Each structure stands twice: as C-alpha cells, then as structure tokens.
Amino acid sequence: MEIKEEGASEEGQHFLPTPQANDTGDFQFTSIQKTPNEPQLEFILACRGLSRPARDRGRRPREPNALVQVSVAQPAAPGPTRYASTEVVEGTRDPLFLTGVTFPSDYPIYEETKIKLTVYDVKDKAHDTVQTSVLPERQDPPPEAGRSFLGYASFTVGELLRSKEQLLALSLRTSDGGKVVGTIEVSVVKMGEIEDGEADHVTTDVQGQKCALVCECAAPDGGSGKENLPFLNAVLKNPVCKLYRFPTSDNKWMRIREQMSESILSFHIPKELISLHIKEDLCRNQELKELGELSPHWDNLRKNVLTHCDQMVNMYQDILTELSKETGSSFKSSSSKGEKTLEFVPINLHLQRMHVHSPHLKDALYDVITVGAPAAHFQGFKNGGLRKLLHRFEMERRNTGYQFIYYSPENTAKAKEVLSNINQLQPLIATHADLLLNSASQHSPDSLKNSLKMLSEKTELFVHAFKDQLVRSALLALYTARPGGVPKKPPSPKSSADDSCPQDAPPPVGRQDSIPHHSDYDEEEWDRVWANVGKSLNCIIDMVDKLIARDGASEGGGGSSKDGEKDASPVDPITAHPKEDWYEQLCPLICALKDCMGEVVNRAKQSLAFVLLQELAAGLPQCLMLTLRRDVVFSQALAGLVCGFIIKLHTSLHDPGFLQQLHTVGLVVQYEGLLSTYSDEIGMLEDMAVGISDLKKVAFKIIEAKSNDVLPVITGRREHYVVEVKLPARMFEVLPPPVREGQLLHVHPVLFNVGINEQQTLADRFGDVSLQESINQENFELLKEYYAVFMEKMPPDYISHFQEQNDLKGLLENLHQNIQAKKRKNVEIMWLAATICRKLNGIRFTCCKSAKDRTSMSVTLEQCSILRDEHQLHKDFFIRALDCMRREGCRIENVLKNVKCRKYAFNMLQLMAFPKYYRPPEGTYGKADT
C-alpha cells in the first residue's frame, strides 16, 4: 500500500534540515520570505564557452550535449542533496536552458544555503536514464550511464540575491578545482513582477536574530491573498513546482510555472460518502424490519435480505474504520488501486496547473484535474463494468418469475425519493406546527401569519409527494403479502369522504391499523387518508383567518356603529378572551393535522419499504454488489469533482461572468478519457461512464465558513447529494445574492474517450469500438444541450461579447463531424472537447487507467498547445518545450511518486502504436509497473 502523507515527490523536496541544526545556538540562518503560496526562489541557467568533451576512440570531435544537475547543501548539513536537473541541450558550447529551478514556499531555504551546479555531457539521451529511485538524503548520485562530468560551480543563495541585477556568472571547474572549463550564468526569475517598481528590501526583526529578504511580487490571480490561504490549504497539499522559459514568435521570453498538487479531498470525500451510505442503509434496514407481519414466503425473503444488508453495512463500517486511520493522507498511488480498503479513494488525484507570464498578454492560469479512471479495480472486470452489468441485471430482474413483484428502476428510485421526502418533511411540519401554537399563545397576528405560511408550504409539499400511483399500488401489493391478505373491492366511497371539515372542528381521523384487514380493505381508502392532511391544513387556515379577523374587529369596534347606533350583536366568545382562546382554538386542529400526517407516514413508509424489498429480494446478492461497485466508482468520481469545483471557484471568484454562469446555468465538467476498448479497459470505461453520469445527482451549495474548518460537507442520499463548500468571509461576500442565499448550483458532466495505445490498435482492427462511439455521441448531445441553455439564459450583453471572442458553434460542429467520422485514434475529438470546455469556463479532467503515463502525455501536449495557440510560443520550440515538460517536468515526478521510478511505463513497440505527439522523449520510458 502506497499512501503518501507528506512531502513532495521531487527528489530534493523530501529534504528537511535536522531540528538540531536549526535550533543550535551556533547557527543563525537568514530566511527568505515571499508572497504566501509563491515560490521562495526561482532561477534560470545558461552556460558559455563549455569545453569540448574528450574525444571517443575512433570518433570525430563533437560539441557537448549539456545538462545541469542542481544539488542543495543546507547549513550544518553533512552534504548536498540532489534537487533538480535541466533538460539536455544538444550540440552547443553555449547552451541556454529552458528548464529553470524553483523552490516552493514551504521548502527550507536560507541565504546561507549552498547550491551546487554540476554540468554533464550526455553522450546518448537514450541511455542517459533519469534517476530511477529516490536517493538517500545527503548523498550525491553515482556516475550515471550515458553521461560524463564536465565541471561544477557553487554559490550561496545570499550571494545570488545580493548580486548586481541578481545575476551571477560563475566559473566551471574540474573536480580537482583547477582547470576552468566554461562559465555558468544564474539569473533570478520574477514571475508576474510589478511593472512600476518591484520592491526588494531587507528587514530585520525586533529580536535582531534573523534577517528576512522580502521580494514583493504580484499574485498570479486576484483571489490568492493571505485571507484565502486556509481555503487553499484545505484542498491542496505537497506541491511540486517546475519553471520554464520559452521564446515567443517575436523572439521574446515567456515564463511558465508548472505546478502539481495533491488534494486531501482524496480521502475526505470518500469518508464523508461512506458515512452517508451507512446511515442510509441502516435506516432502510430498520424500515424493512418495521414492515410488520408478512406471509411465510415474504417473511423468509425479508430475513434473507436483512442478513445480506447487515453484512454490507458491516463491510462499509470496516472500510470507514480503515480509512479513518489514514489521517492526513492525500494521495493514493497507482500501485494501490487494487487495495480493498482503499477502493473508494481516487487513484493518483492531482491538480495540474500551468501559470503563464507572457510579455504581451495578461498572466493566465490553466488547470486540469488528473485522476485515474473511476473504476472498481478490486472487484475486477471479468464480467465487464457498470454499464454492462446494470443492463444485464435489469434484464434478469424482469424475468424473476411469480415470486417477486417487478418495479422498474424509475419506480424504485421514486420510492427512495418519496421516503427521503417523508423523513425530511415530517419533522419540519411538526416544528412549524409547534411554532404556530407558540405564536397563538403569544397572541401575535404577524407571527401567526408567518408561521402559518411556513406550515402551509411544507404541508403542501408533503401532500404533493403522495400524488403518485406508486404508493397506492405498493399498498395493495403489501396487503396481499400479509397473512390471509385478499384484495376486496368495496362499494363506492361514501360521499362524506369528499365533505369539507366542519367550520371550527378538525376532520374525523379514523385510528386503525396501518394496513387494513381484508374484511374492510378499500383500494381507494389511501386517497381519503392523505387527502385528510390537506383538509386538516385548510381547517387551520380558516381558523387563523377568523381569529385574526375577529381580533381586528374587536380592536376597531367597541364604539358606535357607522350610523351612531350601538352595535346590538352579541359579543363573540373568541374576541371576549383572545389571549386565552387562540391557543385553545388551534390546538385541536394541530393535533388532528399531526394525527393525519402520522397515519399517512406510517402507511406510506411501509408500502415503499416493500418496493425496496422487491428490488433487493429479486437480485440478491448481485444487487448489493452492484450497489457497492457503483458507490466505489461514484466516490472516486465525486472526490475529483469536488476538488475541481473548489479550485475553479477560487480561480474565477472575481470574474462576474463566471459567477453569473455559475448560478444561471451551472458548470460543464469535461472528462477526457484515454482508455482503450480492449480487455479489462472496456470494463473500466463502462464503470467510468456510469460514475461520471451519476455526478448529475450532485449539487453544490456555498456557505460562509464560521471557523478554520473549511473542508466541504456532504448531505443527502444515493439519488441526490448536496456538497456544501465553505468560503472565508471575504470570498463569500463577493458572491451574487442568489448564491449567498443558498441556491443549489448544478454541474453538467460529459465524457469523451479516445483510446491511443497499442490495445486500441487491436480493438480498431479486430475488436469492437461501439462502446467508445456511443459514449462520445451521447455526451456530444449533452454538451450541445448545455450550450443551448447557456446561450438562452445568459444575459444578452454577455452573450454578444462572448460570441465576439469565441466561435463555439463552429467548434461544436467540428466536434460532431469528428465523432461521426469514426476515424481511428481521432485525438482531434479530445482537443476540440477540451477547447470548448475552457471557453465555457468549465472544469477539465484527464483520465487514463492510473493517470500516470498516457495522462502525462496528454496534459503536457495540452499545455504546449495552449502556449502555441494562446501565447505565441515559437513554432520551432514546440517539440523542445514538449520534451522539457515530459523529461524534467511535474509529470515525471508523478511517475516517481507512483512507482518509485522516473520512467514512463511504455516500451518502443507500444509507442509505435501511439499518435505522434503522445510519445515521450528518448530516455524517459522503459520497463516499469503501471
């Protein structure tokens, strides 16, 4: 089991100085301070006049293929630790490296920290293997195959920061410190610096113990201030940062910071969900036990169902116990995807972020959530995935025979919904009824009106919940399952059933068994029972109107009438003692309402629980295993969604158009799948398709955080979840009023999948790709529907500006044509879907089996494509930029985190089947566990 708890995976970012060194009186370290959540130090490298490498026997002299390895030596530490490397620049004595060096905000770096730069000549990139395992702390790497030492230089951080223009030119020397073999230049990088004078100054604290160098830089977005740190830190953890500089088409430099962060929501969301499942299942089990007496056949079925259900609850409780032990965990590695206790946890979930600072355009952030395809790996894919299994199960249930009553999935879902509404509304109605009596006892007309309004609204919802044939038919089915139950059609119902209640009295409530005996069973009695709730409410409304009217008459009367004559009408007893009689007049009516409601709830709960019994009894144990599988897949999908929603909310909080879109039409969530339609990955894709579709059941609600605990909270049940996202007060205040008032915010998930590996080649030539084709077509229709609603409901002024900036209609038509073309490995589908998602302010996901290898190829290609299309990356540097990100970027660190090896799990034969731009550079792939 690989669960990462702390520390980034980048080699040097594991290192922390020993507490003894930091606390010893002999050492006083000078700290570097920067903007919160911003790197402390970033620099770029270049070499000048490198010596040519020694001539190989039998070969002509050549120019060096230079690479710089960066090591860090902390004050009082025994030796340096390898930290980072640049890319290889081939065939020049004056290499300019595109890959920089960055030290995150939490990395322990001081002015006294020494940085060692070692320059190597790489003879053959195919054999110059990037380090295949994490080195022990404070240990230099051994000489590596495929490279030779040229020279080294070193400096302290303080020397760099205090140098003129923060630029150092250092001589490179041989290992004995004698011969100079060239020069290396180190230049500090300032991302998003303030144009009108960035302030760099030194401040000393009042104790005189530490001196802090402060570099003030602009934040990459408007919502990254200090007040948002608790919010960010509640979601992201263990960042890995990389720095690049690439030339633009007009030969200027753009600077790119790549960041990859884990999320503690990987474990938090599954624990929240499992707790809800346990609560829901315990409640269902109790309702089955309270069904009352059943005939032997049904009673035996119930006992069998309860046995299996109790076992399922115990298993969920065991899994929750195991997950609760993983306090602080934020990462599940790809090698742990088959772990039983971790099956609810998403695989390799990360935020992949690119921050671009270009010379002409505004700074921009591009986010993609990368995660392993939501799938039940522990249960396996021998019989397929959810899409196939659910269809097969439903077909088998239709043919269960005489011993079960078939209810469609829609009716079963309706039964669960009505039961949920009952459990929510009954206590609410009782509370509002008590508030009404309290207002009556206080003789407060305004309070009485308000309480009545709330009571009426909730009671009407309650009555409406039962206007469905399902409850009536379920009551009859349950009656026939009772011992000796024989349905009997009685005479037409008496006219009194339709009579209104007496003017000042509650309707008669027949107190009888929850389900009538066969001698007096009436199939239409249910209509009268639930209609009595509405009649009771009407009586209460009539009484309140009379009380208020008489109270007004008593205040306005008491004198002479309009013609001056004294009113001879007798004094109404209600107005004679108003403060005493309001409560007494309403109390019997409230009691009658509660009695009627209790009668309805009792019958309805039992009948709908009987519907659920049919679903369970007809499919044991398959139905429970399918429920488990669906819960597992949904949990993985939801953890990623919540992470993506929170990050998107944070980065777009100061965009009025986004906030308008958020509560008007909701957000599109686009998943890019890279799974093949061959072997086990067919089952994974079937799981993934259902899990992503189930996200339609999720709504978000934004509330103000009242404490430092800003982790999201989930409420609801399997058919409907609400995720409450907590925002700090300053962030909450900028939200539109409907959002602040608790409006539910919806998401619209879509999935587009294109297999790209060698298994997809087999599927294309010898197998079946209909699953991929149908998924892409179905989700295109969903995306088109969202776009239509977006164009219809967003404000006209926003739409006109939006259409000027984006040709969404043309992109959608192009996407549709590519889906219809049925071309093999048509990656254009993914590029178009991703572009549409970004232009619609959506949330982007990229998934493969483990989010490690194919996902890395895809996100790096997407990042370079954005730099080319949106930020004028020089066309001659596109491939080089792509190789930089794949060789030394965040994604190779992701591979290391997962399998302890800096190698993408491809071989040469596999890569021959990959589309051209999805192939990693030489030396970065080889044998590795996937």
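Since the model is a prediction, treat every value here as computed from it, not as a measurement. (Residues numbered from 1 in each chain as written. Predicted model: local features only at pLDDT ≥ 70, side-chain atom pairs only at ≥ 80, totals over all residues. Heavy atoms only, no water.)

Draft legend 1. Region of interest: the sheet that holds strand E13 (residues 236–247). Here we have 10 strands laid out as an open sheet, ordered E13-E14-E16-E17-E23-E18-E22-E19-E21-E20, and mixed in their pairing. Of all the strands in the sheet, the pair left with one neighbour each is E13 and strand E20 (713–717). In this sheet, adjacent strand axes meet at a mean angle of 25° when their direction is disregarded. Relative to strand E23 (residues 843–847), strand E17 (residues 364–370) is paired through 2 bridges, and the arrangement is parallel. The residue of E23 that forms the bridge with Thr370 is Thr846. On top of the sheet, helix H22 (residues 828–839) reaches E17, strand E18 (667–673), strand E22 (745–753) and E23; it is set at about 160° to E18, its chief contact. (Pairing = 2+ DSSP bridges. Helix = DSSP H or I, 4+ residues; strand = E, 2+ residues; numbered from the N terminus. Axes fitted to C-alpha atoms, helices over the stretch in contact; angles between N-to-C directions. Contact = heavy atoms within 4.5 Å.)

Draft legend 2. Summary view of the pattern of salt bridges. Taken as a whole and assessed by the stated rule, the structure comprises 36 salt bridges. Linking Arg284 and Asp281 is a salt bridge whose minimum nitrogen-to-oxygen distance equals 3.8 Å. Here Arg284 pairs with Asp281, and both are found in helix H4 (residues 265–289), just 3 residues apart, close to one helical turn. Of the two residues, Arg284 and Asp281, both sit in the buried class. (Salt bridge = Lys/Arg side-chain N within 4 Å of Asp/Glu carboxyl O. Buried < 20%, exposed > 50% of the residue type's maximum accessible area, 1.4 Å probe, protein only.)

Draft legend 3. Representation of the nonpolar core in the model. Ranked by size, the top nonpolar core spans 87 residues in total, and within it Leu455, Phe462, Phe466, Trp526, Ile540 and Leu586 carry the most contacts. By residue number, the principal contributor to this core is helix H12 (residues 578–619), which donates 19 residues. Dropping the residues within four chain positions of it, Leu586 is found in contact with Leu437, Ala440, Leu448, Ile540, Met543, Val544 and Leu547. (Core = buried A, V, L, I, M, F, W, Y, C linked by side-chain atoms within 4.5 Å.)

Draft legend 4. Broad picture of the side chain of Asn757. When you line up the elements, Asn757 lands in the loop between E22 and helix H18 (758–766). Residue classification places Asn757 among the buried residues on the basis of a relative accessible area of 5%. Apart from the residues within four sequence positions on either side, Asn757 is in contact with Ser676, Glu681, Lys825, Arg854, Ala913 and Phe914.

Draft legend 5. Up close: the packing of H4 against helix H13 (residues 622–651). Direction vectors running N to C along H4 and H13 enclose 130°, while the axes themselves pass 9 Å from each other. Taken together, the axes of H4 and H13 are oblique relative to one another. In the packing of H4 onto H13, the handedness of the crossing is right-handed. Each of Leu265, Ile269, Pro270, Leu273 and His277 in H4 lies in contact with H13, whose residues at this interface are Asp631, Phe634, Ser635, Leu638, Ala639, Val642, Cys643 and Ile646. When the residues that make up the contact of H4 with H13 are grouped by side-chain class, the tally is 10 nonpolar, 2 polar and 1 charged. (Parallel < 35°, antiparallel > 145°, perpendicular 65-115°, else oblique. Left-handed = near helix turned anticlockwise from the far one by under 90°. Nonpolar A, V, L, I, M, F, W, Y, C, P; charged D, E, K, R; others polar.)

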